[in-house]
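One letter stands for each residue in the lines below.
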Amino acid sequence: MPAHPSPLALYIHWPFCKSKCPYCDFNSHVRERVDQERWRKALISELEYMAARKQDARLASIFFGGGTPSLMPPATAQALIDRAQTLWPVADDLEITLEANPTSVETGTFADFKQAGVNRVSLGVQSLDETQLKFLGREHSSREALHAIEQARTQFARYSFDLIYARPQQTLKEWEAELTQALRHAGDHLSLYQLTIEENTAFAHAYAKGGFTMPDEAQAEALYRLTEDIMAAQGLPSYEVSNYARPGQESRHNLAYWQGMDYIGVGPGAHGRLTQSGKRIATSTLKSPERWLENVEKNGHAVELWEAVDVQQEIAERLMMGLRLTDGIDYARFKATSGHELRDYLDAQKCAFYISKGLLADNKLALQATLTGRLVLNSLLAGLLR
Ligand SMILES: C[S@@+](CC[C@H](N)C(=O)[O-])C[C@H]1O[C@@H](n2cnc3c(N)ncnc32)[C@H](O)[C@@H]1O
Ligand code: SF4
């Protein structure tokens, strides 16, 4: 083992929800019955399989995502946390996050999750407006959401919650009022997502039939700029396109993705990126919960992809992830994590052009997308590489 093994982030996917929200295209499913013992054993088994193949690392974070992992028995989280800590050496400040929905069933088990080792909770509040919660198909009321936030605040050292804005007909004034109310209950981190219409969701069908209209580009941009201003004024500036935190309170797990660190993905449809013998390896597992479970029980894992990524694709991925960060891509860190010099791959003329247009900034240490650049990130990325 090297003297300073590199940090490793561990993602564990729980694919079940109580109901399917109309906007959501995550790998989340409603099932009447989940055989908890089979699921616990299978998740542990796939975790062990991955660990056997990725040893030269120090565990820095665990993230239970979903789906709704707060519906998992706390004993399952406990078993996974305990096992993970025997499989790798562990960082002193191991961050363990649980995504949770704000219903009473779930807040009732917060103490048990805390006992299991969870030290950070991320709540899917989505809105504090009753009518909007109904539109978003949520199972909880705004009162329940506020109660869940209060529970998270009292039980966990760190908590965050998600809101979805840029909803149909939403005015700047309405969003400002909702965000201001939310900030009265916020800790040191918030995730603020603009509503997107994802293919094959109930919203995609309703939208295609003219069931509702979405804010146009100018309105979405105005809402984004307003959000940036309010959050910066409150001391929680954006550190990523949709994530806001007091400095030092960023989600270390999510930073690992954006900074191009190694991460392992366990559970149905989980993705991973690992360094092995200097190569970037992409991993993914079977997406269907039932097929995943059957395969793990048969083979010890349900990995369907374990493959070296070619260098061009690796650089493109790292660029896409890194430019989401407000601080951008630190050239030295890029070299240390990838072994490549980012400048060797950039189209210098295009970069200079985007810098002259105020979309990119380069202070010699880091390449950053400006706020205006982040608004058009996908088109920026398309032309940046040679
Ligand atoms: C895996 S989900 C959250 C976990 C949890 N099941 C919940 O709903 O509270 C992560 C977050 O992505 C956001 N999200 C999902 N689909 C979205 C969409 N189509 N547009 C905007 N935000 C979305 C929501 O804020 C959601 O809380
Ligand atoms: S938003 Fe959360 S609760 Fe709703 S379907 Fe997606 S993962 Fe499940």
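Residues numbered from 1 in each chain as written. Chains lettered and ligands numbered in written order. Predicted model: local features only at pLDDT ≥ 70, side-chain atom pairs only at ≥ 80, totals over all residues. Heavy atoms only, no water.

**Student:** Help me understand the sheet that holds strand E14 (residues 360-362) in this model?
**Tutor:** The strands that make up a sheet pair up through hydrogen bonds in the backbone, lying either parallel or antiparallel. Taken together, 3 strands build an open sheet; the order of strands is E13-E15-E14 and the sheet is antiparallel. Each of the sheet's edge strands pairs with one partner strand only, and the pair in question is strand E13 (329-330) and E14. Here 3 bridges tie E14 to strand E15 (residues 366-369), and the two strands are oriented antiparallel to one another. For Ala361, the partnering residue across the bridge sits in E15 and is Gln368. (Pairing = 2+ DSSP bridges. Helix = DSSP H or I, 4+ residues; strand = E, 2+ residues; numbered from the N terminus.)

**Student:** Which parts of the structure should I look at to understand the packing of helix H7 (residues 172-185) against helix H9 (residues 217-233)?
**Tutor:** Axes are the key here: two packed helices are described by the angle between their axes and the distance separating the axes. Interhelical geometry of H7 versus H9 gives an angle of 30 degrees and a closest axis separation of 11 Å. Overall, the two elements H7 and H9 adopt an arrangement that is roughly parallel. The two elements H7 and H9 cross, and the hand of that crossing is right-handed. On H9, the residues that touch Leu172, Trp175, Glu176, Leu179 and Leu183 of H7 are Gln219, Ala222, Leu223, Leu226, Thr227, Ile230 and Met231. Grouping the constituent residues of the contact of H7 with H9 by class yields 9 nonpolar, 2 polar and 1 charged. (Axes fitted to C-alpha atoms, helices over the stretch in contact; angles between N-to-C directions. Parallel < 35°, antiparallel > 145°, perpendicular 65-115°, else oblique. Left-handed = near helix turned anticlockwise from the far one by under 90°. Contact = heavy atoms within 4.5 Å. Nonpolar A, V, L, I, M, F, W, Y, C, P; charged D, E, K, R; others polar.)

**Student:** So what exactly am I meant to see when it comes to the site of ligand 1 here?
**Tutor:** Residues in close proximity to ligand 1 total 18 residues, the closest being Gly67, Asn101, Gln126, Asp162 and Thr196. Note that a nitrogen atom of ligand 1 is positioned 3.3 Å from one of the side-chain N or O atoms of Thr68. Asn101 has a polar side-chain atom sitting 2.7 Å from an oxygen atom of ligand 1. Calculation on ligand 1 without its partners gives an accessible area of 570 Å², and the protein chains cover 92% of this total. Those elements giving two or more residues to the shell around ligand 1 turn out to be strand E3 (90-100), strand E4 (120-126), strand E5 (158-165) and strand E6 (189-194). Residues that form the shell around ligand 1 fall into these classes: 6 nonpolar, 8 polar and 4 charged. (Near = heavy atom within 4 Å. Polar contact = N/O pair within 3.5 Å; in protein donor to acceptor, adjacent residues only side chain to side chain. Areas by Shrake-Rupley, 256 points an atom, 1.4 Å probe, with all protein chains shown as cover.)

**Student:** Help me out: how do you make sense of helix H14 (residues 348-356) in this one?
**Tutor:** Since one α-helical turn is 3.6 residues long, residues separated by three or four positions face the same way. For H14, the N-terminal capping position is held by Asp347, with its side-chain oxygen 3.2 Å away from the main-chain nitrogen of Gln349. Gly358 sits one or two residues past H14 and shows a positive phi near 75 degrees.

**Student:** Would you mind showing me how to read the site of ligand 2 here?
**Tutor:** Taken together, Cys17, Ser19, Lys20, Cys21, Tyr23, Cys24, Ser28, Gly67, Thr68, Asn101 and Arg138 make up the full set of residues adjacent to ligand 2. By residue class, the composition of the shell around ligand 2 is 4 nonpolar, 5 polar and 2 charged.

**Student:** Would you take a moment to explain the side chain of His189 for this structure?
**Tutor:** Inspection of the secondary structure puts His189 in strand E6. Polar contacts involving the side chain of His189 include one to the side chain of Ser160, which spans 2.8 Å. Here Tyr239 takes part through its side chain, which lies 2.7 Å from a polar atom of the side chain of His189. Other than its neighbours up to four places away in sequence, His189 contacts Arg120, Tyr159, Ser160, Phe161, Leu236, Tyr239, Asn243, Tyr244, Ala245, Gln249, Glu250 and Ser251.

**Student:** Is there a simple way to explain the environment of Glu307 in this structure?
**Tutor:** For Glu307, the location among the structural elements is in strand E12 (residues 303-308). For the pair formed by Glu307 and Tyr159, sequence separation is 148 residues and the distance between their alpha carbons is 35 Å.

**Student:** When you look at the domain arrangement of the chain in this model, what are you seeing that I'm missing?
**Tutor:** Reports often express the size of an interface as the amount of accessible area lost when the parts come together. Here the domain parsing of the chain yields domain 1 (6-256) and domain 2 (328-386). For domain 1 and domain 2, the distance between their C-alpha centres works out to 29 Å. With 6 residues of domain 1 in contact, the opposing surface of domain 2 contributes 5 residues. Note on domain 1 versus domain 2: buried area summed over both sides is about 500 Å², and carbon and sulfur give 65% of it. Broken down residue by residue, the surface that domain 1 buries against domain 2 is led by Tyr224, Arg225 and Val241, which jointly contribute 70%. Viewed at the interface, domain 2 and domain 1 are joined by 0 salt bridges. On the surface where domain 1 and domain 2 come into contact, there are 1 residue pair in polar contact (both at pLDDT 80 or more). The element best represented in the side of domain 1 that touches domain 2 is H9, accounting for 4 residues. Among the residues forming the side of domain 1 that touches domain 2, the class breakdown is 2 nonpolar, 1 polar and 3 charged. (Domains from an automatic or database assignment. Buried area = accessible area lost by both parts, 1.4 Å probe. Salt bridge = Lys/Arg side-chain N within 4 Å of Asp/Glu carboxyl O.)

**Student:** Help me understand the nonpolar core, please; the structure alone is not making it clear to me.
**Tutor:** Note that soluble globular proteins tend to have their nonpolar side chains buried in a common cluster. Counting 91 residues, the largest nonpolar core has Leu10, Ile62, Phe64, Trp88, Leu123 and Phe161 as the members making the most contacts within it. The element that contributes the greatest number of residues to this core is helix H1 (residues 36-53), accounting for 8 residues. Sequence-distant contacts of Leu123, defined by excluding residues within four places in its chain, comprise Ala100, Asn101, Pro102, Phe110, Ala148, Ile149, Ala152, Ser160, Phe161 and Asp162. (Core = buried A, V, L, I, M, F, W, Y, C linked by side-chain atoms within 4.5 Å. Buried < 20%, exposed > 50% of the residue type's maximum accessible area, 1.4 Å probe, protein only.)

**Student:** Explain the packing of helix H6 (residues 142-155) against H7 to me, please; I cannot follow it from the model alone.
**Tutor:** Direction vectors running N to C along H6 and H7 enclose 30 degrees, while the axes themselves pass 10 Å from each other. In contact with Leu146, Ile149 and Arg153 of H6, H7 contributes Gln181, Arg184 and His185.

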